[in-house]
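One-letter residues, chain by chain:
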Protein chains: 2
Amino acid sequence: MNERMIKIALDAMGGVNAPESIINGAALFAQEVKDVYFIIYGNAKACHEHIAKHASLKNCYELVDTNTEVILDTDPPLKALRRGRDSSMYKAIEAVSQDKADACLSGGNTAALMVMAQWVLGVLTGLKKPAIVGVYPNRVGGCVMLDLGANTECEAEHLFQFALMGDVYAKIVLKKHNPSIGVLNIGEEESKGKQLHKQVYAMLKAVENINFYGYVEGNDIMKGTTDVVVTDGFSGNLVLKASEGTAKLCTEFLKEALNSSWTAKIGAYLAQTALKNTFAKIDPRNVNGAMFIGLNGIVVKSHGSSDAIGVKSALGLVYNLAKRSVNTLIMQELMLINKHDNLLSRIKKKLGLGNG
Amino acid sequence: MNERMIKIALDAMGGVNAPESIINGAALFAQEVKDVYFIIYGNAKACHEHIAKHASLKNCYELVDTNTEVILDTDPPLKALRRGRDSSMYKAIEAVSQDKADACLSGGNTAALMVMAQWVLGVLTGLKKPAIVGVYPNRVGGCVMLDLGANTECEAEHLFQFALMGDVYAKIVLKKHNPSIGVLNIGEEESKGKQLHKQVYAMLKAVENINFYGYVEGNDIMKGTTDVVVTDGFSGNLVLKASEGTAKLCTEFLKEALNSSWTAKIGAYLAQTALKNTFAKIDPRNVNGAMFIGLNGIVVKSHGSSDAIGVKSALGLVYNLAKRSVNTLIMQELMLINKHDNLLSRIKKKLGLGNG
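Residues numbered from 1 in each chain as written. Chains lettered and ligands numbered in written order. Predicted model: local features only at pLDDT ≥ 70, side-chain atom pairs only at ≥ 80, totals over all residues. Heavy atoms only, no water.

J.: Explain the overall build of chain A here, please?
T.: The secondary structure content of chain A amounts to 12 helices and 11 strands. Rg of the C-alpha trace for chain A: 21 Å, near the compact-globule value of 21 Å for 356 residues, within the 12% margin. Projected onto the principal axes, the alpha-carbon positions of chain A cover approximately 65 × 60 × 35 Å. Taking all 356 residues of chain A together, the buried fraction comes to 59%. Of all intrachain contacts in chain A linking residues separated by at least 6 positions in sequence, the fraction that spans at least 24 positions is 72%. Element-wise, carbon and sulfur atoms account for 51% of the exposed surface of chain A, whose accessible area totals about 15100 Å². Taking the average location of the 39 positive side-chain charges in chain A and that of its 35 negative ones, the two points are 2 Å from each other. (Helix = DSSP H or I, 4+ residues; strand = E, 2+ residues; numbered from the N terminus. Rg over C-alpha atoms; globule rule 2.2 N^0.38 Å. Buried < 20%, exposed > 50% of the residue type's maximum accessible area, 1.4 Å probe, protein only. Contact = heavy atoms within 4.5 Å. Areas by Shrake-Rupley, 256 points an atom, 1.4 Å probe, with all protein chains shown as cover. Lys, Arg positive; Asp, Glu negative; His and termini not counted. Charge placed at Lys NZ, Arg CZ, Asp CG, Glu CD.)

In structure tokens form, the structure reads like this:
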């Protein structure tokens, strides 16, 4: 095997249509990208049946039988961690910690994956909390948002570090040279928000080398006002799900409208190519994949209900993150923190220990 | 003048197209509803020009000249309060406090309106904080959500009282007999969320006579899982704006798609009736109007960019709230709080002073 291949550990058993959707997605990806190698963890019999169908997977995979050990979506994370050491999910993460793989993808139980990943890989040196980071489809292509739900409560320093990680992520995933960074708030004025926001505002403003925009509001995410939107995991998760719910409702209403009469159906037929092209822009399958960022290893969560196209898209993300060594870049940004630690201390002191 | 009329104090100068849109909206409303009387506050010359065009307004209005005193969208709320005592906004609120009007509608500066309304009217006895409440268009028609931005930080008792006010509001606005109430959180399990959420969960669960569902997530708002969604003003504002932004983006993408080719344009032409009917369901103009709930008087904010149809829709809300005496009903619900105060104290004690 070529040592310069990107090796991806694949939890083949996580998600609604696993292992079929996972393997089909890997096969689609392998058709387009040649320097990829999969270590597939799953029930050998079930996996092999699907692998055998794809010529593109030939010579670019190995299969590790995890028998019937699977983490269920209903498993509480700590139970999954205690009892699931032989599961496809655990083994895939372990492959990253043992340097067998460059990165890992799973479509399984998010909370279990997060706890396992943090347990097995540990947090990057100098970092206080890992976060969930994803890309929101929007007017200008997409924006990177974090935290999407890992941390219910955050302090200013957590958000500050999320901003630096989001900066790196946007460079890789959005291919931006100098991504603009916004802190999510309920107004654009400096006086808005909680104490927390005023603190993180002052901290980010003090850092050179980053493109800090200031506060952004809920609607700025879709407008694309900034490339990165930083928030706590509670707000991030609410906003993510509310937006997904709204987009889903709009799509459902549109489908109902286009099915409500014969003329509407004919109209829909005529407009179908245009509708498909345009709605591909906000198709979540095309922006599938959220990274657990801030760990000693790359772990990406694919949406549990993804089909092969969604899995292929998530694999594209995993591949890029590994190829560009996302964690090395984050460590370099964290150096910035250390460099700025004095500066930050001074700001916090000036703010009267956070009374900014 | 018939004393059983619903008298609405109208800030004719607030909003982008004021006073034209406000007066045209009032005229549209007066075409359909006969027991309404407007006290119009604004620049007499500018207002009269538009009033004169509408036969429907004849004999159902009086005009109070506030000359050129107008609160600007850019005025900081405290400045507006200090210097704006002769403004159309202040006068309209004052009419409610002086019992000249049953309720007030303004499309002006939200923060200024909120501060003025609280200053002039005061908070309902027994209530800790007023909130902004509105209706979200969704799969089942709509859900009542509060707080949408009045209170950045909330305690459990605030959210508890918001739930009771939301209950009353949903009875009037959604015409629900026994509205279901959900607390916005990042998971449905009882263990999810912050301390605050666990406390308010325990408090609401303990109250009889209300239909408490439990936690709801961001996407439940659009699904219509509950009739009322309770949250703090920070989260509520983020979610509101993110959803509005998403709906706007979907609509824009749809328009672009239907304009992108000749066949798409013909298709759009054929489907236009169906599209219009369906998108009316999520047209914000049809659910325009957010109440500042919890004050000694009814004050409703109309969206600043509303056209006449939006203003008419907000007037329908104001009219219903006044006709049904929303504040009397809230006071009756607050009695419940007093009745339950012992109960709540016991719960909080049982939870170890909030260690629930």
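J.: Please explain the sheet that holds strand β3 (residues 61-65) of chain A as it appears in this structure.
T.: Two orientations exist for strands paired in a sheet by backbone hydrogen bonds: parallel and antiparallel. All names here are of chain A. Pairing is mixed across the open sheet formed by 11 strands, whose spatial order is β3-β2-β1-β4-β11-β10-β5-β6-β9-β7-β8. In this open sheet, the two strands that pair with only one neighbour each are β3 and β8 (211-216). Averaged over all adjacent pairs, the angle separating strand axes in this sheet is 25°, with direction ignored. Two strands pair when backbone bridges link them, and strand β1 (residues 6-11) and strand β2 (residues 36-42) are joined in this way by 6 bridges, in the parallel orientation. For Ile-8, the partnering residue across the bridge sits in β2 and is Phe-38. (Pairing = 2+ DSSP bridges. Axes fitted to C-alpha atoms, helices over the stretch in contact; angles between N-to-C directions.)

J.: Explain the sheet that holds strand β8 (residues 211-216) of chain B to me, please; I cannot follow it from the model alone.
T.: Residue and element names in this part refer to chain B. Read across the open sheet, the 11 strands follow the order β3-β2-β1-β4-β11-β10-β5-β6-β9-β7-β8; overall the sheet is mixed. Since the sheet does not close on itself, it has two edges, and those belong to β3 (61-65) and β8, each with one partner. When strand polarity is set aside, the average angle formed by the axes of neighbouring strands in this sheet is 25°. Pairing analysis gives 2 bridges linking strand β10 (residues 290-293) to strand β11 (residues 298-301), with the strands arranged antiparallel. What sits directly across from Ala-290, in β11, is Lys-301. Sitting on the sheet, helix α1 (residues 20-32) is in contact with β1 (6-11) and β2 (36-42), with an inclination near 175° to β2. Along the sheet face, helix α11 (residues 308-323) touches β1, β2, β4 (103-106), β10 and β11 and points at about 135° away from the line of β1.

J.: Please clarify how the interface of chain B and chain A should be interpreted in this entry.
T.: Counting residues at the interface gives 49 residues for chain B and 49 residues for chain A. For the pairing of chain B and chain A, the buried interface totals around 4500 Å² over both sides, and the portion due to carbon and sulfur atoms is 72%. It is Ile-186, Phe-234 and Phe-253 of chain B in chain B that bury the most area against chain A; as a group they hold 15% of the surface buried on that side. The tally of links between chain B and chain A comes to 6 salt bridges. Between Lys-241 of chain A and Glu-217 of chain B there is a salt bridge, with its nearest N and O atoms 2.2 Å apart. (Buried area = accessible area lost by both parts, 1.4 Å probe. Salt bridge = Lys/Arg side-chain N within 4 Å of Asp/Glu carboxyl O.)

J.: Sorry if this is basic, but what is going on with the relation of the copies chain B and chain A here?
T.: You can overlay chain B on chain A at an RMSD of 0.0 Å; the transform is a turn of 180° with a shift of 0.0 Å along its axis. Both chain copies can therefore be described as sitting about a two-fold axis. When C-alpha positions in chain B are compared against the rotation axis, the closest is assigned to Gly-267 of chain B, at 1.7 Å. A symmetric contact is evident, with 100% of the interface residues of chain B recurring at the interface of chain A. (Least-squares fit on C-alpha atoms with pLDDT ≥ 70 in both.)

J.: I keep staring at the packing of helix α4 (residues 88-97) of chain B against helix α5 (residues 110-121) of chain B and nothing clicks. Help me out?
T.: When two helices pack together, their arrangement is captured by the angle between the axes and the distance separating the axes. All names here are of chain B. Their axes nearest at 10 Å, the elements α4 and α5 cross at an angle of 35°. With respect to the hand of their crossing, α4 and α5 are arranged in right-handed fashion. Mapping the contact onto sequence places Met-89, Tyr-90, Ile-93, Glu-94, Val-96 and Ser-97 in α4 and Ala-112, Leu-113, Met-116, Ala-117, Trp-119, Val-120 and Leu-121 in α5. Of the residues in the contact of α4 with α5, the class split is 11 nonpolar, 1 polar and 1 charged. (Left-handed = near helix turned anticlockwise from the far one by under 90°. Nonpolar A, V, L, I, M, F, W, Y, C, P; charged D, E, K, R; others polar.)

J.: Quick question: what am I supposed to make of the side chain of Asp-75 of chain A here?
T.: Residue and element names in this part refer to chain A. Within the secondary structure, Asp-75 is located in the loop between β3 and α3 (77-83). Of the polar contacts made by the side chain of Asp-75, one reaches the side chain of Lys-79; its length is 3.4 Å. Here Asp-75 is in contact with Val-70, Ala-80 and Asn-109, once residues within four sequence places are set aside. (Polar contact = N/O pair within 3.5 Å; in protein donor to acceptor, adjacent residues only side chain to side chain.)

J.: For this particular structure, what's the right way to read the side chain of Asn-185 of chain A?
T.: Position of Asn-185 of chain A among the secondary structure elements: in the loop between β7 (180-184) and α7 (195-206). With a relative accessible area of 0%, Asn-185 of chain A lands in the buried category. Here the side chain of Asn-185 of chain A touches Lys-192 of chain A through a polar contact of 3.1 Å, landing on its backbone oxygen. When near neighbours in sequence (up to four residues on either side) are disregarded, Asn-185 of chain A contacts Lys-192, Gly-193, His-197, Tyr-215, Val-216, Glu-217 and Gly-218 of chain A together with Phe-234 and Leu-238 of chain B.

J.: Whenever I open this one, the pattern of salt bridges confuses me. Can you help?
T.: Oppositely charged side chains may form a pair once their charged atoms are brought near each other. Residue and element names in this part refer to chain B. Counted under the stated rule, the structure contains 26 salt bridges over all chains. Across the salt bridge formed by Glu-333 and Lys-171, the nearest N and O atoms sit 3.4 Å from each other. Note that Glu-333 is positioned in helix α12 (residues 326-350) and Lys-171 in helix α6 (residues 156-173), a separation of 162 residues in sequence. Residue Asp-220 pairs with Lys-223 through a salt bridge whose shortest N-O separation is 3.9 Å. With Asp-220 and Lys-223 both in helix α8 (residues 220-223) and 3 residues apart, the pair spans about one turn of that helix. By relative accessible area, which is 49% here, Lys-223 ends up partly exposed.

J.: In this structure, what is going on with the nonpolar core? I would like to understand it.
T.: Formed by 112 residues in total, the largest nonpolar core has its most connected members in Ile-93 and Ile-221 of chain A together with Ile-93 and Ile-221 of chain B. In contact with Ile-221 of chain B, other than residues within four places in its own chain, are Tyr-136, Asn-138, Cys-143, Met-145, Leu-184, Val-229 and Val-239 of chain B. (Core = buried A, V, L, I, M, F, W, Y, C linked by side-chain atoms within 4.5 Å.)

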